[in-house]
Amino acid sequence: MASTGVPGKKGSNSVFVLIVGLSALGTGAYVYRTLQESKERHASRMARMSRRSQDGESSASGAGPEGTAAPDTHVQVPSHVPFLLIGGGTAAFAAARSIRARDPGARVLIVSEDPALPYMRPPLSKELWFSDDPNVTETLRFKQWNGKERRYVALQSQGNLFDNGAFLSIYFQPPSFYVPVQDLSSVENGGVAVLPGRKVVHMDVRGNTVKLSDGTQISYDKCLIATGGTPRNLPAIERAGKDVQKRLTLFRKIDDFRRLEKISREVKSITIIGGGFLGSELACALGRRARTRGLEVIQLFPEKGNMGKILPEYLSNWTTEKVRREGVNVLPNAVVKSVSVSGNRLLIKLKDGRKVETDHIVAAVGLEPNVELAKSAGLEVDSDFGGFRVNAELQARSNIWVVSEEQLQHLGGDAACFYDIKLGRRRVEHHDHAVVSGRLAGENMTGAAKPYWHQSMFWSDLGPNVGYEAIGLVDSSLPTVGVFAKATEKDTPKSATEQSGTGIRSESETEAEASEVQISQSSSPTPQVPRQGEDYGKGVIFYLRDKVVVGIVLWNIFNRMPIARKIIKDGEEHEDLNEVAKLFNIHED
């Protein structure tokens, strides 16, 4: 069965037993080449950490809750580091591991605004909300859809996970993995240190130095900028004043998860503004609590349906009904005019005259790339797409690289604007892109001189039973062709996790592409229009530009990304997309 749809026209009302999982952004634990450190070195680190704990000192590698690196204004920061990474997210961590893999003695310093050690973001809007642990906000431990808790893992380039200890958490590595900042210059064989809670406010690219928010100056040989983006706010909320701001969450970090989780237990009503990945996923997660705790969850956005900027209209409509079934009051076609305090509640006035009363607001309306350093550094910001403009090797200058960080939102892009050889200049913030671009930047910082060619994928799940994976340009303004079939019990994120052993599907989905694809000729090149009531449990949606496939969404179809990557790379016109869809084995029982 197949369907066609061009955004802007009234789509089919067919109900698809598909899903849309929300929030790209997925999460993750990444996989890289890594060098085993000696037992003596590990024991030495643990002994130093134990002594600091006994003396009541605050360590740069983490004091307080597990993985939290409380800022220590008295820590001795090295005046010079060979490798300086600005930003403490997925891409920076991937770059650090890549640098160390190629240069085992490298000394790497990560400077991060976040008070926590590097961690994966997607679980903040996904699995953590489904945890039954009453202490989840402190432990930050979560179970994958297969029911297993995620372990700390080491990253290696081939995409195979392996346990690196008995720790279970959102963090990439335990505190013992990192070298204390004050020891980075002297520790044998180098290492990776994290300086948390600090912001780089100025770059002198001629002098190869940076200045931190506390006045500290650090010189470097090579520098990576992985500053990510900042959540946008709505102008109507910004104008509303402090009383409204106090009841607002711009969701991005661990602290935001902790705060919103606490608020969801205390208030009667939460309104989420935004219909994209993050907004829809948080709505479903909180909707689960609406059924068990009596919490009212409202979601409003200007589009006609959830994921309206990404999905064809008929799938967006299906998604909206799916979110409603999760206990969420969804209000599409809603544009916020003003927000004010009325009594003990917030009053949201919409431009069409509707009014919404609520206790707390979550704004999930996109990101602004963090490019503040461009001015002092003299780095170029792309005038069309925003973000630092970089070359094919992700360089902004001879000794400065820029990469995109993974985010919880799909709108707005990220810090790096790179040239995609197939799809043109882009800004991307997917987990897979952050991992691969971060690793490549690390390799290039150690002399590899490799161009970025990878076509990144992203995935999203709406619970354990529905999910999708996507690659390329997936934009609802493009014409689409969908080919669907009935799903089986194995066509779920839970089943995919059980088969691969990980819920981070950019790990189970390899970075490879199919060597070749054989497409049969068909006598019926015109896709059939779906009929109402038909069951579309899994399928492939092709996004077209000038009759060429530039994006693909795989609904409840897993471990087929190399085929999708090959189709986009080939850039050919296809007479019959029904036959192309067969490459993904959608008709398997």
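Computed from a predicted structure; not experimentally measured. (Residues numbered from 1 in each chain as written. Predicted model: local features only at pLDDT ≥ 70, side-chain atom pairs only at ≥ 80, totals over all residues. Heavy atoms only, no water.)

S.K.: Hey, could you go over the pairing of strand β2 (residues 80–86) for me, with residue numbers and the actual values?
M.R.: With five of seven residues buried, β2 lies mostly within the body of the structure. Here β2 pairs with strand β9 (residues 217–225) via six bridges, running parallel. Within β9, the position partnered with L84 by the bridge is C223. Direction of pairing for β2 relative to strand β3 (residues 107–111): parallel, over a ladder of four bridges. If you follow L85 over to β3, its bridge partner there is I110. What joins β2 to β3 is helix α2 (residues 90–102), and the crossover it makes is right-handed. (Buried < 20%, exposed > 50% of the residue type's maximum accessible area, 1.4 Å probe, protein only. Helix = DSSP H or I, 4+ residues; strand = E, 2+ residues; numbered from the N terminus. Pairing = 2+ DSSP bridges. Right-handed = clockwise from strand over helix to strand, strands pointing away.)

S.K.: Just give me the short version of the sheet that holds strand β16 (residues 345–350), but keep the residues and values in it.
M.R.: Within a sheet, neighbouring strands are paired by backbone hydrogen bonds and run either parallel or antiparallel to one another. A sheet is described by the order of its strands in space; here three strands give the open sequence β15-β16-β17, paired in antiparallel fashion. Where the open sheet ends on each side, the last strands, each with one partner, are β15 (336–342) and β17 (355–358). Neighbour to neighbour, the strand axes of the sheet diverge by 20 degrees on average, direction disregarded. Across six bridges, the pairing between β15 and β16 is antiparallel. Across the sheet, residue S338 finds its bridge partner in β16, namely K349. (Axes fitted to C-alpha atoms, helices over the stretch in contact; angles between N-to-C directions.)

S.K.: Could you give me a rundown of unusual backbone geometry, with the residues and numbers involved?
M.R.: Unusually for a residue other than glycine, L140 sits at a positive phi of about 55 degrees. Along the polypeptide, L140 turns up in the loop between α3 (136–139) and β4 (151–153). We note that N208 has phi near 55 degrees; this positive angle belongs to a residue other than glycine.

S.K.: Please provide a residue-by-residue account of helix α6 (residues 254–266), values included.
M.R.: For α6, which comprises 13 residues, the first-to-last C-alpha distance of 19 Å matches the rise-based estimate of 18 Å (1.5 Å per residue) to within 8%. Restricting attention to buried positions, one finds in α6 the residues I254, D256, F257, R258, L260, E261, I263 and S264. The elements touched by buried residues of α6 are α3, β11 (248–249), β12 (269–273), α7 (277–293) and β18 (360–363). (Expected span 1.5 Å × (residues − 1). Contact = heavy atoms within 4.5 Å.)

S.K.: Please set out the nonpolar core residue by residue, giving values where relevant.
M.R.: Counting 89 residues, the largest nonpolar core has L109 and M203 as the members making the most contacts within it. Sort the elements by how many residues they give to this core and α7 lands first, with seven residues. Filtering out sequence-adjacent residues up to four positions away, L109 remains in contact with V81, F83, L84, L85, V181, L184, A193, L195 and I218. W459, A485, I557 and I586 belong to the second largest nonpolar core, which has 24 residues in total. (Core = buried A, V, L, I, M, F, W, Y, C linked by side-chain atoms within 4.5 Å.)

S.K.: Could you give an account of the packing of aromatic side chains, naming the residues involved and the relevant values?
M.R.: Under the defined criterion, the tally for this structure stands at seven aromatic pairs. Ring plane angle 55 degrees and centroid distance 6.0 Å describe the contact between F93 and F177, whose orientation is recorded as tilted. Of this pair, F93 sits in helix α2 while F177 sits in the loop between β5 (163–168) and β6 (191–195), and the two are 84 residues apart along the sequence. When the centroid spacing of 5.2 Å and the interplanar angle of 85 degrees are considered together, the rings of W129 and F257 count as edge-to-face. Here W129 is found in the loop between β3 and α3, whereas its partner F257 is found in helix α6, with 128 residues between them in sequence. Note on F257: relative accessible area 0%, which makes it buried. One aromatic cluster is present, formed by F93, F172, F177 and Y178 through successive ring pairs. In this arrangement the basic side chain of R325 is found over the ring face of W318, its NZ or CZ atom lying 5.9 Å from the centre. (Phe/Tyr/Trp six-rings, centres within 6.5 Å; stacked < 30°, edge-to-face > 60°. Lys NZ or Arg CZ within 6 Å of the ring centre and 35° of its normal.)

Honestly, it's all geometry; don't read function into it.
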